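Secondary and tertiary structure notes
The lines below spell out each chain.
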There are 2 protein chains.
Amino acid sequence: MRISELSRSTGVPVPTIKYYVREGLLPPGELTSRNQAIYDETHERRLRLIRALLDVGGLKVAAIAEVLRAVDDPARPVHKVLGAVADQLGTARSEDDDAESLAAGAAVAELIARRGWSAHASDPAARDLARALAAMERVGHGAFRELLDDYAEAAELVARADLGYVDRRVAVDDLVESVVIGTVLGAAVFHAMRRLAHVDASARLFGQDTAADAERKVAD
Amino acid sequence: MRISELSRSTGVPVPTIKYYVREGLLPPGELTSRNQAIYDETHERRLRLIRALLDVGGLKVAAIAEVLRAVDDPARPVHKVLGAVADQLGTARSEDDDAESLAAGAAVAELIARRGWSAHASDPAARDLARALAAMERVGHGAFRELLDDYAEAAELVARADLGYVDRRVAVDDLVESVVIGTVLGAAVFHAMRRLAHVDASARLFGQDTAADAERKVAD
DNA sequence: GCAAGCGGATAGTGGCGCTATCCGCTATCT
DNA sequence: AGATAGCGGATAGCGCCACTATCCGCTTGC
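Residues numbered from 1 in each chain as written. Chains lettered and ligands numbered in written order. Predicted model: local features only at pLDDT ≥ 70, side-chain atom pairs only at ≥ 80, totals over all residues. Heavy atoms only, no water.

Overview of the overall build of chain A
Helix and strand counts for chain A stand at 10 helices and two strands. Mapped in sequence order, the helices and strands of chain A form the string α-α-β-β-α-α-α-α-α-α-α-α. Relative to the 2.2 N^0.38 estimate, which gives 17 Å for 220 residues, the radius of gyration of chain A is 21 Å and therefore markedly larger than a compact globule would have. In terms of overall dimensions, chain A has C-alpha extents of about 65 × 50 × 35 Å along its principal axes. Relative to its full complement of 220 residues, chain A shows a buried share of 50%. Considering only contacts within chain A whose residues lie at least 6 apart along the sequence, 59% involve residues at least 24 apart. If you sum the accessible surface of chain A, you get close to 10200 Å²; carbon and sulfur atoms cover 51% of it. A distance of 5 Å separates the average location of the 28 positive side-chain charges in chain A from that of its 35 negative side-chain charges. (Helix = DSSP H or I, 4+ residues; strand = E, 2+ residues; numbered from the N terminus. Rg over C-alpha atoms; globule rule 2.2 N^0.38 Å. Buried < 20%, exposed > 50% of the residue type's maximum accessible area, 1.4 Å probe, protein only. Contact = heavy atoms within 4.5 Å. Areas by Shrake-Rupley, 256 points an atom, 1.4 Å probe, with all protein chains shown as cover. Lys, Arg positive; Asp, Glu negative; His and termini not counted. Charge placed at Lys NZ, Arg CZ, Asp CG, Glu CD.)

Take a look at the structure:
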């Protein structure tokens, strides 16, 4: 397969494919001469994965490069890959040591203890959670903490479902890739689902014209 | 309060405040002369909200402008505001009419019917969900659909919690703003929580050194 | 009376995900 | 054998976005 066919079969423009290769997201084609290379279905598959992580997962190109490095690592301990993926999904970078952040960090540590989770408050995900709670506090919604256990319940439900799914796919396909896809795209799926559930809840509470509104909105 | 004090009290640089005013995120200060204006605690509050939606919620400046326009609308039907917010949280823009998208759209319509949700498949959230499922299909994970009902269960749980929270805040504070904050920041909270639950699940499945890994990672 | 700060306007910056162009070479068609 | 389309690789540029820097003439407060 030449690059133009790879482009056609995936819908990704040729210059973009070249760009992905440059950025280390996609392995280069195998050279058959100084300026001719062939690509196969692994490239096609990888390209589709890249687009999914980019368009639906919302990951940055650099983040995808790091995730794929972990995926391609021959000695790939699954939970390390999961950790690499989870880190790229986050936002927190700097240390926050204002009053709200410290309080939020303590609340997160309590939650982890209460839930008996095998995670540490220094985990990037825990830091992001603390960041979000600190932001809630700053806009006068510190009381949102009361929902943490409900959220945790739902998160456990989702995590259990994800694990079961990955477990079922072990024999079928590449385990590591399943974990990556489940984690990243699963987040997008849940995010959309939560919005949909809110639409339903809002319709029940505030009026029954929501579906009609949606119709009209789409017609615009 | 002058602009420099507003900047000091919120941590937002003065030129950035001016930028937000230009973009319509923040109302201008009240002029006391041709080139002097005063700001009050409503500006402070609004500025904190903007930063939360931007930094934690991940909304774009233009999206925040649209959300705040809805919030400030004197005749503000709550479910309209919620709709405006939900739309800004999404990603889908174009029509997808390939095979995967059509199948995914049908799956979403079925889910909505099965759940009895008062939402329509043309709702932006439903489209985003279909988009995510189509992406799953394209990377060979069409079987992920088996998890949809588990996800829906979790989403309902979260939506119920959110509604209860908003209900509790009706008397206390501005209802519309609570809805916005709960929707946007709640998404960030859940996203972090899901990652945390995955860390726990991964630790249980693949090894008990995850907490130690997190410690080491932070030390880097 | 004068430096510091102000509101407002305009232009510039850095990061990111591409995209356009050019080069010399090769595969393929006639 | 010659023409043409396409190739890999390199470099430069683009469009968007969230700021940021600079400048202007004008107050304010010491």
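Structure's up, so let's keep going.
Here's the deal with the packing of aromatic side chains
Counting across every chain of the model gives nine aromatic pairs over all chains. With 5.7 Å between their ring centres and 45° between their planes, Tyr19(B) and Tyr20(B) make a pair best called tilted. (Phe/Tyr/Trp six-rings, centres within 6.5 Å; stacked < 30°, edge-to-face > 60°.)

Topic: the environment of Leu25(A)
All names here are of chain A. Its location among the elements puts Leu25 in the loop between helix H2 (14–22) and strand E1 (30–33). With 38 residues separating them along the chain, Leu25 and Ala63 place their C-alpha atoms 9.7 Å apart. Those residues in contact with Leu25 that sit more than four places away from it in its chain are Tyr20, Arg46, Ile50, Val61, Ile64, Ala65 and Leu68.

Remarks on the pattern of salt bridges
Here the structure, examined in full by the defined rule, presents 30 salt bridges over all chains. Within the structure, one salt-bridge network assembled from shared partners comprises Arg114(A), Arg115(A), Asp149(A), Glu153(A) and Glu156(A). (Salt bridge = Lys/Arg side-chain N within 4 Å of Asp/Glu carboxyl O.)

What about the protein's contact with DNA strand D?
Around DNA strand D sit 23 residues, and of these Ser4(A), Tyr20(B), Ser33(B), Asn35(B) and Leu54(B) come closest. Expressed as a percentage, the sugar and phosphate content of the atoms of DNA strand D within 4 Å of the protein is 66%. Separating a base oxygen of DNA strand D from a side-chain N or O atom of Asn35(A) is a distance of 3.1 Å. Contact distances for DNA strand D include 2.8 Å between a phosphate oxygen and a side-chain N or O atom of Ser33(B). Counting residues per element, the ones that place at least two in the surface near DNA strand D are helix H1 (3–10), H2 and strand E2 (36–38) of chain A together with helix H2 (14–22) of chain B. The dominant element in the surface near DNA strand D, judged by the number of residues it contributes, is H2(B), at five residues. (Near = heavy atom within 4 Å. Polar contact = N/O pair within 3.5 Å; in protein donor to acceptor, adjacent residues only side chain to side chain.)

Some details on the protein's contact with DNA strand C
Surrounding DNA strand C, one finds 23 residues, the nearest of these being Tyr20(A), Ser33(A), Asn35(A), Leu54(A) and Ser4(B). Each atom of DNA strand C within 4 Å of the protein was assigned to sugar, phosphate or base; sugar and phosphate come to 66%. A distance of 2.9 Å is found between a phosphate oxygen of DNA strand C and a side-chain nitrogen or oxygen belonging to Tyr20(A). Contact between DNA strand C and Asn35(B): a base oxygen at 3.1 Å from a side-chain N or O atom of the residue. For the surface near DNA strand C, the secondary structure elements donating two or more residues are H2 of chain A together with helix H1 (3–10), H2 and strand E2 (36–38) of chain B. Looking at which element gives the most residues to the surface near DNA strand C, the answer is H2(A), with five residues.

Details of the interface of chain A and chain B
Tallying the contact residues gives 94 residues for chain A and 95 residues for chain B. Regarding the contact of chain A and chain B, the summed buried area is about 8800 Å², with carbon and sulfur atoms giving 70% of it. Among the residues of chain A in contact with chain B, Met193(A), Arg195(A) and Leu196(A) are the three that bury the most area, contributing 8% of the side total. Scanning the region where chain A abuts chain B turns up six salt bridges. For the pair chain A and chain B, the number of links is 26 residue pairs in polar contact (both at pLDDT 80 or more). (Buried area = accessible area lost by both parts, 1.4 Å probe.)

Points about helix H4 (residues 61–72) of chain A
All names here are of chain A. Here H4 spans 16 Å end to end across 12 residues, near enough to the 16 Å set by a 1.5 Å rise per residue. Turning to H4, its buried residues are Val61, Ala63, Ile64, Ala65, Val67, Leu68, Ala70 and Val71. Elements that come into contact with the buried residues of H4 comprise H2, helix H3 (41–56), helix H5 (78–88) and helix H9 (175–206). (Expected span 1.5 Å × (residues − 1).)

Looking at the packing of helix H6 (residues 99–115) of chain A against helix H7 (residues 124–138) of chain A
Residue and element names in this part refer to chain A. The geometry of H6 relative to H7 is characterised by a closest axis approach of 8 Å and an angle of 125° between their N-to-C directions. Between H6 and H7, the interaxial angle falls into the category oblique. The chirality of how H6 crosses H7 is right-handed. Across from Glu100, Ser101, Ala104, Gly105, Val108, Leu111 and Ile112 in H6, the residues of H7 making contact are Ala126, Leu129, Ala130, Leu133, Ala134, Glu137 and Arg138. Along the lines of polarity and charge, the residues of the contact of H6 with H7 split into nine nonpolar, two polar and three charged. (Axes fitted to C-alpha atoms, helices over the stretch in contact; angles between N-to-C directions. Parallel < 35°, antiparallel > 145°, perpendicular 65-115°, else oblique. Left-handed = near helix turned anticlockwise from the far one by under 90°. Nonpolar A, V, L, I, M, F, W, Y, C, P; charged D, E, K, R; others polar.)

Brief notes about the pairing of strand E1 (residues 30–33) of chain B
All names here are of chain B. Taken together, the three bridges between E1 and E2 define a ladder with antiparallel strand orientation. The residue of E2 that forms the bridge with Glu30 is Ile38. Following E1, the chain reverses through two residues before pairing antiparallel with E2. (Pairing = 2+ DSSP bridges.)

Notes on the nonpolar core
Within the largest apolar cluster, 144 residues are counted, with the highest numbers of intra-cluster contacts made by Val189(A) and Met193(A). Each residue touching Val189(A), except ones within four places of it in the same chain, is listed here: Leu129(B), Ala132(B), Leu133(B), Met136(B), Phe144(B), Leu148(B) and Tyr151(B). (Core = buried A, V, L, I, M, F, W, Y, C linked by side-chain atoms within 4.5 Å.)

Quick look at the packing of H9(A) against helix H5 (residues 78–88) of chain B
Helix packing geometry: the angle between the two helix axes and the distance between the axes. Relative to each other, H9(A) and H5(B) sit at 170°, their axes nearing to 10 Å. It follows from the interaxial angle that H9(A) and H5(B) lie roughly antiparallel. On the side of H9(A), the interface is formed by Arg195(A), His198(A), Ser202(A) and Phe206(A), while H5(B) contributes Val78(B), His79(B), Leu82(B) and Ala86(B). When the residues that make up the contact of H9(A) with H5(B) are grouped by side-chain class, the tally is four nonpolar, three polar and one charged.

As for the UniProt feature "domain: HTH merR-type" (unreviewed entry) in chain A
Mapped onto this numbering, the UniProt entry annotates "domain: HTH merR-type" (unreviewed entry) at residues 1–70 of chain A. The distance from the first to the last C-alpha atom of residues 1–70 of chain A is 27 Å, and the span holds 61% helix and 10% strand. (UniProt positions renumbered as here; feature names shortened; annotations may be inferred.)

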